[in-house]
Amino acid sequence: MNFHSQVRRPAGVQGIMMARRMNANHRGMMEWALEHLDVSSISNVLDVGCGGGGPMSQLSRKASHARFTGLDLSGDMLRMTGKVNASVLKKGMLDRVRGSVSSLPFRDGSFDTVFACETTYFWPDLRENLRECRRVLADGGRMILVQEAWDSPKWRERNESWQKGFKMRFCSLEEYGSLLGEAGFADVSTVTEEEQGWFVTVAGTGGN
Amino acid sequence: MMRKDLVAILACPACKHHPLELQVEREEAGDVMEGRLLCPGCKAVYIIEDGIPNLLPPE
């Protein structure tokens with residue numbers, strides 16, 4: 001696979017090297033995001049597109065009481081997630097499932113949190129895929145998006161340089177809010193980091 | 001490894017049937033390492049390999 005395929009769906013030795021790089025590159029953004037997230041009520045997390053498991057390891061250190069399910073298209077990434085999160089796996093608090101956000105292999109209301117870090121750019125149908133995330137959340141649950149890019153005039157040139165060769169979709173913050181609303185979410189709130197162009201969005205299910 | 005009680009939340013990605021039927025071929029310390037998940041709804045078969053169930057939707 002070429003470079004662009006590896007970013008989109010890392011696999012094999014090259015994919016593992018790519019995932020290590022992404023874990024390192026996203027560490028600062030996740031540290032910043034965790035400063036803005038209340039994880040005290042999190043108990044059962046689906047990490048969609050968990051990749052090499054770096055963001056999960058940072059979240060699980062702060063939410064050490066929570067159970068995690070990592071979902072990814074790539075078996076190699078799930079094995080890496082197990083290694084990066086070996087202590088969580090060992091204590092029986094990590095499950096790994098190979099699957100697609102297009103059709104999540106879980107029954108309705110299985111999780112209280114769906115976490116998606118640096119992955120929605122590649123989702124095939126963002127509105128429908130967010131609807132799938134809503135379906136597997138219990139009432140009172142939350143969707144958490146952490147990303148290093150959104151579409152805006154300030155970031156357009158940078159985003160376009162990243163998009164070269166990729167099938168990536170960047171939305172404005174307003175579009176993400178609208179798509180989450182159309183997918184059945186309510187109470188959408190977003191915090192941005194204007195220097196780096198990072199954001200964290202939390203959307204509730206509107207239930208209790 | 002795949003914990004057996006993961007089956008409590010798994011559903012078929014093709015038809016959304018729940019529950020799936022677990023067939024264990026090899027286990028370690030009570031967790032599934034190799035096996036299959038069968039969907040009674042649409043008859044799809046999903047492989048568990050190296051303790052990871054492959055629930056990608058059928059092509």
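Note that the structure is predicted; figures quoted are calculated from it, not measured. (Residues numbered from 1 in each chain as written. Chains lettered and ligands numbered in written order. Predicted model: local features only at pLDDT ≥ 70, side-chain atom pairs only at ≥ 80, totals over all residues. Heavy atoms only, no water.)

Residues and elements named next belong to chain A. Relative to the elements of secondary structure, Met80 occurs in helix H5 (residues 75-84). For Met80, a relative accessible area of 8% gives the class buried. Here Met80 is in contact with Ile16, Ala19, Arg20, Asn23 and Gly52, once residues within four sequence places are set aside. (Helix = DSSP H or I, 4+ residues; strand = E, 2+ residues; numbered from the N terminus. Buried < 20%, exposed > 50% of the residue type's maximum accessible area, 1.4 Å probe, protein only. Contact = heavy atoms within 4.5 Å.)

It is worth spelling out helix H7 (residues 126-136) of chain A at this point. Think of an α-helix as turning once every 3.6 residues; residues three or four places apart then point the same way. Residue and element names in this part refer to chain A. Of all 11 residues in H7, eight are buried, a share of seventy percent or more. Taken as a whole, H7 has its buried residues at Leu126, Asn129, Leu130, Glu132, Cys133, Arg134, Arg135 and Val136. Contacts made by the buried residues of H7 are with strand E1 (44-48), strand E4 (111-117), strand E5 (137-147) and helix H9 (173-182).

Turning our eyes to something else, we now look at the sheet that holds strand E3 (residues 45-49) of chain B. All names here are of chain B. The four strands are arranged E1-E2-E3-E4 in an open sheet whose pairing can be described as antiparallel. If you trace the sheet from one side to the other, it starts and ends with strand E1 (21-28) and strand E4 (52-53), each paired once. Both E3 and E4 contribute to a ladder of two bridges, which runs antiparallel. The partner of Ile48 across the bridge, within E4, is Pro53. (Pairing = 2+ DSSP bridges.)

This paragraph deals with the interface of chain A and chain B. Contact with chain A, which involves 23 residues of that partner, is made by 17 residues of chain B. Interface area, chain A with chain B, both sides summed: about 1700 Å², of which 59% is carbon and sulfur. Three residues, Arg96(A), Arg98(A) and Arg107(A), lead the burial of chain A against chain B; their summed loss comes to 31% of the area buried on that side. Joining chain A to chain B, the criterion identifies three salt bridges. Across the salt bridge formed by Glu132(A) and Lys16(B), the nearest N and O atoms sit 3.5 Å from each other. Our count for the chain A to chain B interface comes out at 10 residue pairs in polar contact (both at pLDDT 80 or more). Residues that form the side of chain A that touches chain B fall into these classes: eight nonpolar, six polar and nine charged. (Buried area = accessible area lost by both parts, 1.4 Å probe. Salt bridge = Lys/Arg side-chain N within 4 Å of Asp/Glu carboxyl O. Polar contact = N/O pair within 3.5 Å; in protein donor to acceptor, adjacent residues only side chain to side chain. Nonpolar A, V, L, I, M, F, W, Y, C, P; charged D, E, K, R; others polar.)

Remember that the coordinates give geometry; whether it matters functionally is a separate question.
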